[in-house]
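# Structural characterization, general
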Amino acid sequence: MKIGILGGTGPAGSALAARLASVGYETIIGSRSKYRAMETVDKLLAEWSGRDLRIVAGDNAMAASADVVVIATPWDGAYGTATSVADELSGKVVICMANALTRIGKEFQPLVPPRGSVAASVQAAVPGCQVAAGFHHVPAKELGDLDHPIESDVLICSDFPRATEVTSQIVASVPNMRPLDAGGLSQATPIESFTAVLLQLNVHYKTRVAVKFTGIPEPEPAAAAPEPVDADGE
């Protein structure tokens, strides 16, 4: 599966590209400037030269041609970016990880974008795609540090079961990350807003927090396939 990341030159997008590439996905870092994307890819490949990372650079149109597309742009650029590649996104699962936030003095505060969330705005921009909100609460620096596992739950919400399923499969492919179905896309509003709380905790405690929920049972392991029976029934 190829995963394209629009706005992949930023901290969150490039970190996600590296982490997904480390578990076997081919990732395409997209940007309005292909040359900026090339600089980001060169930096990642040099930093992790001992790993066989399949990361390529392209413009946003190339990234949007992937099987699954992630929007990692600044929140106020998500609608315009999605609109600019609407034809490529139509019919695809689109994962929106952008948060509408601002910083006033020492405090982070959530903003309410049109339609209540960035994810809902992207869905309105490209009605033909299937948007899932996810990856909002994963700290970028830890996500991009491939020498260490990252432990985090990832809340996923979408109005499309296929989008929730595909996003969950991608999250579950990363060791120690657990996908959680948080309901319909309307839940993106509090999920995006809660990121401001996490950033405030980071500032106060000088750390980088991730979200883990208790009380949710782990999924049952898949049952082993039965041994084949030969013609004699043995």
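Residues numbered from 1 in each chain as written. Predicted model: local features only at pLDDT ≥ 70, side-chain atom pairs only at ≥ 80, totals over all residues. Heavy atoms only, no water.

## Considering the sheet that holds strand β10 (residues 177-181)
Across a sheet, paired strands are connected by hydrogen bonds in the backbone, their directions being either parallel or antiparallel. The strand order across the open sheet built from eight strands is β3-β2-β1-β4-β5-β8-β9-β10, with neighbouring strands paired in mixed fashion. Two strands close off the open sheet at either side, each with one partner strand: β3 (55-59) and β10. When strand polarity is set aside, the average angle formed by the axes of neighbouring strands in this sheet is 25°. Direction of pairing for strand β9 (residues 152-158) relative to β10: parallel, over a ladder of five bridges. Residue Leu155 lies in a different strand from β10, and its bridge partner there is Leu180. Of the strands in this sheet, β1 (2-6), β2 (26-31), β3 and β4 (68-71) touch helix α1 (residues 11-22), which is tilted by about 165° from β2. (Pairing = 2+ DSSP bridges. Helix = DSSP H or I, 4+ residues; strand = E, 2+ residues; numbered from the N terminus. Axes fitted to C-alpha atoms, helices over the stretch in contact; angles between N-to-C directions. Contact = heavy atoms within 4.5 Å.)

## What about α1?
When the terminal C-alpha atoms of α1 are compared, their 17 Å separation across 12 residues agrees well with the 16 Å that a helix rising 1.5 Å per residue should span. With nine of its 12 residues buried, α1 lies for the most part within the structure. Those residues of α1 that fall on the buried side of the exposure criterion are Gly13, Ser14, Ala15, Leu16, Ala17, Ala18, Arg19, Leu20 and Ala21. Just beyond α1, the residue with positive phi is Gly24, at close to 110°. (Expected span 1.5 Å × (residues − 1). Buried < 20%, exposed > 50% of the residue type's maximum accessible area, 1.4 Å probe, protein only.)

## Brief notes about the confidence of the model for the chain
Per-chain confidence: the chain averages 93 in pLDDT, with 94% of residues scoring 70 or above. Counting interchain partners and residues more than four positions distant, the pLDDT-below-50 stretch residues 222-226 has zero contacts. (pLDDT = per-residue confidence, 0-100.)

## Some words on the environment of Glu142
Along the polypeptide, Glu142 turns up in helix α7 (residues 140-143). For Glu142, a relative accessible area of 29% puts it in the partly exposed group. Sequence spacing of Glu142 and Leu185 is 43 residues, and the spatial spacing of their C-alpha atoms is 26 Å. If we ignore the near neighbours within four places in the chain, the residues touching Glu142 are Arg19, Ile150 and Arg208.

## Some remarks on a nonpolar patch on the surface
Judged by side-chain polarity, Phe194, Val197, Leu201 and Tyr205 come together as a nonpolar surface patch covering roughly 370 Å² of accessible area. With respect to the helices and strands, Val197 occurs in helix α9 (residues 188-205). (Patch = residues over 30% accessible without salt bridge, like charges linked within 9 Å, V, L, I, M, F, W, Y side chains within 5 Å. Areas by Shrake-Rupley, 256 points an atom, 1.4 Å probe, with all protein chains shown as cover. Salt bridge = Lys/Arg side-chain N within 4 Å of Asp/Glu carboxyl O.)

## Here we look at the nonpolar core
Soluble, globular proteins show a tendency: their nonpolar side chains are buried together. Counting 37 residues, the largest nonpolar core has Leu16, Phe135, Ile170 and Met177 as the members making the most contacts within it. Listing elements by their share of this core, those giving two or more residues are β1, α1, α2 (34-47), β3, β4, β5 (93-96), β9 and α8 (161-172). Look past the residues within four positions of Leu16 in its chain and what remains in contact with it is Ile5, Val70, Met97, Phe135 and Leu143. Counting residues in hydrophobic clusters, the runner-up holds 30 residues, among them Leu89, Val94, Val118 and Ile191. (Core = buried A, V, L, I, M, F, W, Y, C linked by side-chain atoms within 4.5 Å.)

## A word on the pattern of salt bridges
Counted under the stated rule, the structure contains four salt bridges. Two residues, Arg178 and Asp153, come together in a salt bridge whose shortest N-O distance is 2.8 Å. Taken together, the residues span a long stretch of sequence, with Arg178 in strand β10 and Asp153 in strand β9 at a distance of 25 residues. Assessed through its relative accessible area of 10%, Arg178 is described here as buried.

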